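In case you want the letters, here they are:
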Amino acid sequence: MLNNYEKFLEEIDLKIGQLFENHKQYIKCKKGCSLCCKQGEFPYSQLEFTYLTQGYLSLSNDKKIIVQNNIKNLLEQRKNFNGERFEHDCPFLINDECSVYKYRGIICRTFGICYYDDIKKYVRLPGCVHYGLNYSEYYDKESKTLDIVDIPKSNLRIDVILNSKDAKKYGLESGEIRPMIDWIK
């Protein structure tokens, strides 16, 4: 199953890469910017988390220890959390870089690009738009509108991608989607 998932990711990465290329004038993503890896729930399917685990197993012992400490701290924070949504930094983020980049989930691969969510019927913007980054020069905060005409029609929601024709072509069964921390505990 993981071999098919890797083939699927290659295909999806090409499509997502093309979206980023088409929107390069709006994108300010660069190495070292990890804003999208902070304060999120990071939804992962069971298949994605299994693949992510392979990435973790390939890390050096030093990096594994850092990730283990990050997870330990997150679990402690969650135990004391009383809110509705537990948002946190990704435990695989080390020195503002993804330690398991090749193995990252769909949510991580699509961070940064806007798209039209045909299920919820609105344009989804990356959170960094509010920090002067992606699309910020074209976004009006007061009216909450984006002044571009080429909004991708490809719905980049994790559930849509994992249930797409491409996923079916590879016979993928992604399983339940949950916040990453729920897979860790």
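Coordinates for the structure precede this section.
Let us look at the structure shown here. Worth saying up front: this structure is predicted, and the values here are computed from it rather than measured. (Residues numbered from 1 in each chain as written. Predicted model: local features only at pLDDT ≥ 70, side-chain atom pairs only at ≥ 80, totals over all residues. Heavy atoms only, no water.)

## Focus on the overall build of the chain
- Within the chain one finds 7 helices and 8 strands.
- The C-alpha radius of gyration of the chain comes to 17 Å, within 12% of the 16 Å expected for a compact globule of 185 residues.
- In terms of principal-axis extent, the alpha carbons of the chain reach across some 45 × 40 × 30 Å.
- Looking at the chain residue by residue over its 185 residues, the buried ones come to 42%.
- A separation threshold of at least 6 residues defines the contact pool for the chain, and within that pool the share at least 24 residues apart is 76%.
- For the chain, the accessible area works out to roughly 11100 Å², and carbon and sulfur atoms hold 49% of it.
- Considering the chain, the positive charge centre built from 28 side chains and the negative charge centre built from 26 side chains are found 2 Å apart. (Helix = DSSP H or I, 4+ residues; strand = E, 2+ residues; numbered from the N terminus. Rg over C-alpha atoms; globule rule 2.2 N^0.38 Å. Buried < 20%, exposed > 50% of the residue type's maximum accessible area, 1.4 Å probe, protein only. Contact = heavy atoms within 4.5 Å. Areas by Shrake-Rupley, 256 points an atom, 1.4 Å probe, with all protein chains shown as cover. Lys, Arg positive; Asp, Glu negative; His and termini not counted. Charge placed at Lys NZ, Arg CZ, Asp CG, Glu CD.)

## As for the side chain of D166
- Along the chain, D166 falls in helix α6 (residues 165-169).
- Excluding residues that lie within four positions of it along the chain, D166 makes contacts with F8, E11, I12 and K15.

## Details of the packing of aromatic side chains
- Inspection of every chain in the model, using the stated rule, returns 8 aromatic pairs.
- Centroid distance Y26 to Y138: 4.8 Å. Interplanar angle 85°. Geometry classified as edge-to-face. Of this pair, Y26 sits in the loop between α1 (2-22) and β1 (43-45) while Y138 sits in the loop between β5 (122-124) and β6 (139-140); the two residues are 112 residues apart in sequence, bridging distant segments of the chain.
- Relative accessible area serves as the criterion here: at 6%, Y26 is assigned to the buried category.
- Y138 sits in the partly exposed class, given a relative accessible area of 29%.
- The rings of Y5, F8, Y51, Y103 and Y170 are connected pair by pair, giving a single aromatic cluster.
- The ring of Y56 has K64 lying over it, and the distance from NZ or CZ to the ring centre is 5.9 Å.
- The ring centre of Y116 lies 5.9 Å from the NZ or CZ of K153, which sits over that ring. (Phe/Tyr/Trp six-rings, centres within 6.5 Å; stacked < 30°, edge-to-face > 60°. Lys NZ or Arg CZ within 6 Å of the ring centre and 35° of its normal.)

## Examining the pattern of salt bridges
- Going through the model one piece at a time under the given rule, you end up with 15 salt bridges.
- A salt bridge links D117 to R157, with the shortest nitrogen-to-oxygen separation between them at 3.4 Å. With a gap of 40 residues between them, D117 in strand β4 (residues 115-117) and R157 in the loop between β7 (145-146) and α5 (158-162) connect regions that are remote in the sequence. The pair formed by D117 and R157 is uniform in burial state, with each residue classed as buried.
- Among the ionic pairs, R178 bridges to E176, the shortest N-O distance being 3.5 Å. (Salt bridge = Lys/Arg side-chain N within 4 Å of Asp/Glu carboxyl O.)

## Quick look at the layout of surface pockets
- Taken as a whole, the second largest pocket holds about 210 Å³ of empty space.
- What lines the second largest pocket is simply I12, K15, I16, L19, S154, N155, L156, V160, I161, S164 and D166.
- Per element, the largest residue contribution to the lining of the second largest pocket is 4 residues, and it comes from α1.
- For the lining of the second largest pocket, the residue count by class is 6 nonpolar, 3 polar and 2 charged. (1 Å grid on protein atoms, 1.4 Å probe; cavity = no way out; pocket = protein on both sides within 12 Å on 5 of 7 lines; lining within 4 Å. Points joined across faces, edges and corners; volume = space filled by probe spheres on them. Nonpolar A, V, L, I, M, F, W, Y, C, P; charged D, E, K, R; others polar.)

## Describing the side chain of R104
- The topology assignment puts R104 in the loop between β3 (97-98) and α4 (106-110).
- The side chain of R104 is buried and forms no salt bridge, while D13, the nearest opposite charge, is found at 4.6 Å.
- With sequence-adjacent residues up to four places away left out, R104 is seen in contact with Y44, L52 and R109.

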